[in-house]
Amino acid sequence: MPHDLAVGVLLNRLAAQGSEVIPVERNGQLVGFLTRSDMIRLLLSGAEERSAA
């Protein structure tokens, strides 16, 4: 997947398609992997920041 996709697209792929890991590409080159744990961490960190405000 391209490195600049929206979070919603990534969540859909993880949830609806049952993917465990999403390869991340930049300019056609593999630059890393995004896991379900990464997404959960991202969502939880946002929730913590919102509840502190």
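How each quantity is defined
- Residues numbered from 1 in each chain as written.
- Predicted model: local features only at pLDDT ≥ 70, side-chain atom pairs only at ≥ 80, totals over all residues.
- Heavy atoms only, no water.
- Salt bridge = Lys/Arg side-chain N within 4 Å of Asp/Glu carboxyl O.
- Helix = DSSP H or I, 4+ residues; strand = E, 2+ residues; numbered from the N terminus.
- Buried < 20%, exposed > 50% of the residue type's maximum accessible area, 1.4 Å probe, protein only.
- Pairing = 2+ DSSP bridges.
- Patch = residues over 30% accessible without salt bridge, like charges linked within 9 Å, V, L, I, M, F, W, Y side chains within 5 Å.
- Areas by Shrake-Rupley, 256 points an atom, 1.4 Å probe, with all protein chains shown as cover.
- Core = buried A, V, L, I, M, F, W, Y, C linked by side-chain atoms within 4.5 Å.
- Contact = heavy atoms within 4.5 Å.

## Section: the pattern of salt bridges
- Tallying each qualifying case throughout the model produces two salt bridges.
- Residue Arg36 is joined to Glu20 by a salt bridge in which the shortest nitrogen-to-oxygen separation is 3.8 Å. With Arg36 in helix α2 (residues 36-52) and Glu20 in the loop between α1 (7-16) and β1 (21-26), this residue pair connects regions lying 16 residues apart in the sequence.
- A relative accessible area of 32% means that Arg36 is categorised as partly exposed.
- By relative accessible area, which is 52% here, Glu20 ends up exposed.
- Residue Arg41 is joined to Asp38 by a salt bridge in which the shortest nitrogen-to-oxygen separation is 3.1 Å. Linking Arg41 with Asp38, this pair stays in helix α2, spanning three residues, or about one helical turn.

## With respect to the pairing of β1
- Bridge count for β1 against strand β2 (residues 29-35) is six bridges, and the pairing is antiparallel. Each bridged residue has a counterpart across the sheet, and for Arg26 the counterpart in β2 is Gln29.
- Between the antiparallel neighbours β1 and β2 lie two residues, among them Asn27 with a positive phi of about 55°.

## With respect to a nonpolar patch on the surface
- Together, Val7, Leu11, Leu42 and Leu43 make up a nonpolar patch on the protein surface, roughly 300 Å² of accessible area in all.
- Elements that contribute at least two residues to the nonpolar patch include exactly α1 and α2.
- Along the chain, the position of Leu11 falls in helix α1.

## Considerations on the nonpolar core
- Listed in full, the six residues of the largest apolar core are Leu10, Leu14, Ile22, Val24, Leu34 and Met39.
- The set of elements that each furnish at least two residues to this core consists of α1 and β1.
- Beyond its immediate stretch of four places on either side in the chain, Met39 contacts Val7, Leu10, Leu11, Leu14 and Leu34.

## So, unusual backbone geometry
- In the Ramachandran plot, Asn27 falls in the positive-phi region, its phi being about 55° despite a non-glycine side chain.
- The exposed category is assigned to Asn27, whose relative accessible area is 76%.

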